[in-house]
Amino acid sequence: MGDPTYAQPDRHGRPGLPEPVTPAGREGLAALLARPERCVVALDFDGTLAPIVADPEQARAHPDAVPALAALAPRLRSVAVVTGRPAGVAVRYGGFAGVPGLEHLVVLGHYGAERWDAVTGTVQAAEPHPGVAAVRAELPGFLDEIGAWRGTWIEEKGRAVAVHTRRAQDPQAAYDTLRAPLTELAARHGLIVEPGRMVLELRPPGMDKGVALAAYLREVGAESVLYAGDDLGDLPAFAAVEKLRSDGVAGLLVCSGSAEVAELSDRADLVVDGPAGVVGLLSSIAAAVSR
């Protein structure tokens, strides 16, 4: 897609509206600004709305994220948070419940296997995959047996389980060492491995962020979409938006910039500087569509 562009502030130091580097991205932004009531803004959580931290349980949305979303959401068809986290956890860590302006926000958790609607305040979910419980029981001994216990950390995610290597002495080496054995373990129990930023998540197949996003856009009849993400797990959502473009749905792909995931930034129409940049972009769009 060419070199990505970072959003720059205006002459007053306020976040400015950037120009996407691709024609498709410029068309997507123009459609959002012209007809926001027909647009869905969809966002990953970790690394996009919330800074990446060593302990995932300490992750919280950027302090300006909820105000920016609350200012923008009433102008849109919908706001959707699309995440690998359990939906209820994302709601809690994001502070999304009971916020004026976010009455119609939707969280698609576990890659769409769970859904929280602000309208009802409840989570709807399918039955869990039995392979997750089996992997959960086997994983501690498995890591110990292959000598990968030191510095790794298991995150319990309800419908999935993740192994983090960010705390290891050499996080990338630990990640590379674990990827093949964990893929074999997952396959043995009917699961797949979702790679991320120093994390390998073992989860059921059949759902990803692209599937969840495309289904939701069809449900609400969106004519345009902005999707922002930061990680390998967001690539299916990028692919879904690219497919929708060919079907006449305008789309803007935003990368919450990270040197760790060049695959995403290379495909983005626009790169912003992490969660602070995403929040600045949302605030700028809210200001533009309110004028």
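Residues numbered from 1 in each chain as written. Predicted model: local features only at pLDDT ≥ 70, side-chain atom pairs only at ≥ 80, totals over all residues. Heavy atoms only, no water.

Participant: Outline the nonpolar core, listing residues and values.
Facilitator: Ranked by size, the top nonpolar core spans 44 residues in total, and within it Leu-139, Leu-182, Leu-202 and Tyr-227 carry the most contacts. In this structure, Leu-202 is in contact with Val-135, Ala-160, Val-161, Leu-182, Leu-185, Ala-186, Leu-191, Ile-192 and Val-193, ignoring residues within four places of it in sequence. (Core = buried A, V, L, I, M, F, W, Y, C linked by side-chain atoms within 4.5 Å. Buried < 20%, exposed > 50% of the residue type's maximum accessible area, 1.4 Å probe, protein only. Contact = heavy atoms within 4.5 Å.)

Participant: Please provide a residue-by-residue account of the pairing of strand 3 (residues 106-109), values included.
Facilitator: Of the two faces of strand 3, the one carrying Val-106 and Leu-108 and the one carrying Val-107 and Gly-109 are both buried. Looking at chain direction, strand 2 (residues 78-82) and strand 3 are connected through three bridges and run parallel. The residue bridging Ala-80 from the neighbouring strand is Val-106, located in strand 3. Note on the crossover from strand 2 through helix 3 (residues 87-94) to strand 3: the handedness is right-handed. Counted between consecutive antiparallel strands, the loop separating strand 3 from strand 4 (residues 114-117) contains four residues, among which His-110 sits at a positive phi close to 50 degrees. (Helix = DSSP H or I, 4+ residues; strand = E, 2+ residues; numbered from the N terminus. Pairing = 2+ DSSP bridges. Right-handed = clockwise from strand over helix to strand, strands pointing away.)

Participant: I'd love a proper account of the confidence of the model for the protein, names of residues and values included.
Facilitator: In the predicted model, the protein carries a mean pLDDT of 91, and 94% of its residues have values of at least 70. Counting interchain partners and residues more than four positions distant, the pLDDT-below-50 stretch residues 1-15 has 34 contacts. (pLDDT = per-residue confidence, 0-100.)

Participant: Describe the sheet that holds strand 9 (residues 199-203), and please don't skip the residues or the numbers.
Facilitator: The strand order across the open sheet formed by four strands is 6-7-9-8, and the pairing between neighbours is antiparallel. For this open sheet the edge positions go to strand 6 (153-156) and strand 8 (192-196), each flanked by a neighbour on one side alone. The sheet shows a mean angle of 25 degrees between the axes of neighbouring strands, direction not considered. When strand 6 meets strand 7 (residues 161-164), the two strands line up antiparallel, connected through four bridges. Bridged to Glu-155 within strand 7 is Ala-162. Against the sheet, helix 5 (residues 171-188) contacts strand 7, strand 8 and strand 9, and its axis sits at roughly 5 degrees relative to strand 9. (Axes fitted to C-alpha atoms, helices over the stretch in contact; angles between N-to-C directions.)

Participant: Describe in detail helix 6 (residues 209-220), supporting the description with residues and values.
Facilitator: When the terminal C-alpha atoms of helix 6 are compared, their 17 Å separation across twelve residues agrees well with the 16 Å that a helix rising 1.5 Å per residue should span. Among the residues of helix 6, Lys-209, Gly-210, Ala-212, Leu-213, Ala-214, Tyr-216 and Leu-217 are the ones counted as buried. The inward-facing, buried residues of helix 6 contact strand 1 (39-43), strand 2, strand 3, strand 4, strand 10 (224-229) and helix 7 (235-246). Among the residues trailing helix 6, Gly-221 stands out with phi positive, at a value near 65 degrees. (Expected span 1.5 Å × (residues − 1).)

Participant: Before we move on, can you summarise the pattern of salt bridges with the specific residues and values?
Facilitator: All chains considered together, the criterion is met by 19 salt bridges. In this structure, Arg-38 and Glu-37 form a salt bridge, with 4.0 Å as the shortest nitrogen-oxygen distance. Since its relative accessible area comes to 31%, Arg-38 is described here as partly exposed. By relative accessible area, Glu-37 is classed as partly exposed at 41%. A salt bridge links Arg-115 to Asp-117, with the nearest nitrogen and oxygen atoms 3.1 Å apart. (Salt bridge = Lys/Arg side-chain N within 4 Å of Asp/Glu carboxyl O.)

Participant: Explain the sheet that holds strand 10 to me, and be specific about the residues and the numbers.
Facilitator: One open sheet holds the eight strands; their spatial order is 5-4-3-2-1-10-11-12, and the pairing between them is mixed. This sheet does not close on itself; its edge strands, each paired only once, are strand 5 (122-125) and strand 12 (270-272). Each strand axis lies, on average, 20 degrees off the axis of its neighbour in the sheet, ignoring direction. Pairing analysis gives three bridges linking strand 11 (residues 250-256) to strand 12, with the strands arranged parallel. If you follow Ser-256 over to strand 12, its bridge partner there is Val-272. Where helix 1 (residues 23-34) meets the sheet, its contacts fall on strand 1, strand 10 and strand 11, and the angle it forms with strand 11 comes to roughly 105 degrees.

Participant: Could you give an account of the side chain of His-110, naming the residues involved and the relevant values?
Facilitator: You can see His-110 is positioned in the loop between strand 3 and strand 4. If we skip the residues at most four places from it in the chain, His-110 touches Thr-83, Gly-84, Arg-85, Pro-86, Lys-157, Gly-158, Arg-159 and Ala-160.

Participant: Please give an account of the packing of aromatic side chains that cites residues and values.
Facilitator: Counted according to the given criterion, the structure contains two aromatic pairs. Note on Tyr-227 and Phe-238: the rings are 6.2 Å apart at their centroids and 90 degrees apart in plane angle, and the pair reads as edge-to-face. One end of the pair, Tyr-227, is in strand 10; the other, Phe-238, is in helix 7, and eleven residues separate them in sequence. Each of the two residues, Tyr-227 as well as Phe-238, counts as buried. If you follow Arg-60 out to its NZ or CZ, it ends over the ring of Tyr-93, 4.1 Å from the centre. Across from the ring centre of Tyr-111, 4.0 Å away, lies the NZ or CZ of Arg-203, which sits over that ring. (Phe/Tyr/Trp six-rings, centres within 6.5 Å; stacked < 30°, edge-to-face > 60°. Lys NZ or Arg CZ within 6 Å of the ring centre and 35° of its normal.)

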